[in-house]
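One-letter residues, chain by chain:
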Amino acid sequence: MELPVVNHKDYFAKIGDDHKFPIEKFGELANYLTNKKIVKKFYTPYPCSVETLKRAHSESYINHVKNKTLDQNIIKRIGFPLVDSVVQRSLVATGGTVLASKLAIKYGLACNTAGGSHHAKIDEEE
């Protein structure tokens, strides 16, 4: 059995060429895995649903992220600009973690090539 690996083109977000976070690593990892024939086909996640996100974040926080209306201090703490591609990446990467979890339950092991690259809180007030 081939290792189930989750990846999405939207794991790359436009955060600026001068940003210290190496966002290109997600695409580079996917290319490496396919070039080395470790992965033949990636599982593609859907954006995480609001219902699932509400298990970890307040609905207010989710809405502020999706509407790009977070306070500037919170945006600075998260560490990424709050632009469309970052919002999409956040939703898809979280969906990827959910999908990888389901695949791990089914197959015993699975990986997501993105995730865990933010400093979000339960609510914007925290």
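Residues numbered from 1 in each chain as written. Predicted model: local features only at pLDDT ≥ 70, side-chain atom pairs only at ≥ 80, totals over all residues. Heavy atoms only, no water.

## Some words on the side chain of D10
Where we set the bar: Secondary structure is summarised from DSSP: a helix means a run of H or I of at least four residues, a strand means a run of E of at least two, and numbering begins at the N terminus for each. Between buried and exposed lies partly exposed: a residue is buried under 20% and exposed over 50% of the maximum accessible area for its type, with that area taken using a 1.4 Å probe on protein chains only. Definition of a polar contact: a pair of N or O atoms within 3.5 Å, with one able to donate and the other able to accept a hydrogen when the atoms are protein atoms, and with sequence-neighbouring residues admitted only if both atoms are side-chain atoms. The criterion used for residue contact is that any of the two residues' heavy atoms lie within 4.5 Å.
Within the secondary structure layout, D10 lies in the loop between β1 (5–6) and α1 (25–35). With a relative accessible area of 19%, D10 lands in the buried category. Here K9 takes part through its side chain, which lies 3.2 Å from a polar atom of the side chain of D10. Of note is the side chain of D10, whose polar atom sits 3.1 Å from the side chain of Q88. Residues within four places of D10 in sequence aside, it is in contact with Q88, R89 and V92.

## Let's talk about the packing of aromatic side chains
To be explicit about the condition: Working definition: a ring pair exists when centres of Phe, Tyr or Trp rings (six-membered ring for Trp) sit within 6.5 Å. Plane angles under 30 degrees give stacked, over 60 give edge-to-face, the rest tilted. Ring-over charges, as used throughout, are those where CZ of Arg or NZ of Lys falls within 6 Å of the ring centre and within 35 degrees of the ring normal.
In this structure the tally under the stated criterion is one aromatic pair. The ring of Y43 carries the charged tip of K41 above its face, separated from the ring centre by 5.4 Å.

## Quick notes on the environment of N35
As for its position among the elements, N35 is in helix α1. For N35, a relative accessible area of 61% corresponds to the exposed category. As for N35 and I23, which are separated by 12 residues in sequence, their C-alpha atoms are 20 Å apart.

Just distances and angles here, no functional claims.
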